[in-house]
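Here is what each chain is made of, one letter per residue.
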Amino acid sequence: MRSDELVKLAIAALEDIKAQDITTIDVRDKTSITDFMVIASGTSSRHVKSLVDNVLEKVKEQGVRPLGSEGLDSGEWALLDLGDIVVHVMLPTARQFYDLERLWQGAEQSRAQHGTDHE
């Protein structure tokens, strides 16, 4: 699966269960570790875990094998490494503290369009 398709799949899985403030950052020119970072917020520790679990389920259905995950126990911040993309899901306080968007500023960013028709 191409990285842009994987990004769309991850965003759809996050939107399915109401992730907030989904942002995609293109880091291909900034690091060799991954191509894209998808960052989203959850409303509670349980919601953060559910969001990551849903992404994990959807990518596995498409035959994508995750390389690893972190933070699923704490619920404050969870990371899912899918190789070409890394998905970060956090509580708003953790997201504000780590401020990954600012850390990767200069990389191309886009926000998912919630509540719009996907034509």
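Keep in mind that this is a model prediction, so the values were computed, not measured.

Rules used in this analysis
- Residues numbered from 1 in each chain as written.
- Predicted model: local features only at pLDDT ≥ 70, side-chain atom pairs only at ≥ 80, totals over all residues.
- Heavy atoms only, no water.
- Buried < 20%, exposed > 50% of the residue type's maximum accessible area, 1.4 Å probe, protein only.
- Helix = DSSP H or I, 4+ residues; strand = E, 2+ residues; numbered from the N terminus.
- Pairing = 2+ DSSP bridges.
- Core = buried A, V, L, I, M, F, W, Y, C linked by side-chain atoms within 4.5 Å.
- Contact = heavy atoms within 4.5 Å.
- Expected span 1.5 Å × (residues − 1).

Chemist: Talk me through the pairing of strand β1 (residues 20-26); I want residue IDs and the actual numbers.
Modeler: Burial runs high along β1: five of the seven residues are buried. Sheet analysis places β1 next to strand β2 (residues 36-41), joined by five bridges and oriented antiparallel. Within β2, the position partnered with T24 by the bridge is V38.

Chemist: Outline the nonpolar core, supporting the account with residue identities and numerical values.
Modeler: Grouped together as the largest cluster of nonpolar side chains are 27 residues, with contacts concentrated most on L14, V38, V55, L82, I85 and V87. Secondary structure elements with two or more residues in this core: α1 (3-16), β2, α2 (45-61), β4 (77-81) and β5 (85-90). Top contributing element to this core by residue count: α1, with seven residues. Sequence-distant contacts of V87, defined by excluding residues within four places in its chain, comprise A10, L14, V38, V55, A78, L79, L80 and L82. By size, the runner-up hydrophobic cluster in this structure holds seven residues, among which are V27, I39, A94 and L100.

Chemist: Give a detailed account of unusual backbone geometry, specifying residues and quantitative values.
Modeler: With a phi angle near 65°, K18 is a residue other than glycine that sits in the positive phi range. Along the polypeptide, K18 turns up in the loop between α1 and β1.

Chemist: Account for α2, naming residues and giving values.
Modeler: Look at α2: 25 Å from first C-alpha to last across 17 residues, which is about the 24 Å you get at 1.5 Å a residue. All of the buried residues along α2 are H47, V48, L51, V52, N54, V55, L56 and V59. Positive backbone phi, approximately 85°, marks G63, located one or two places after α2.

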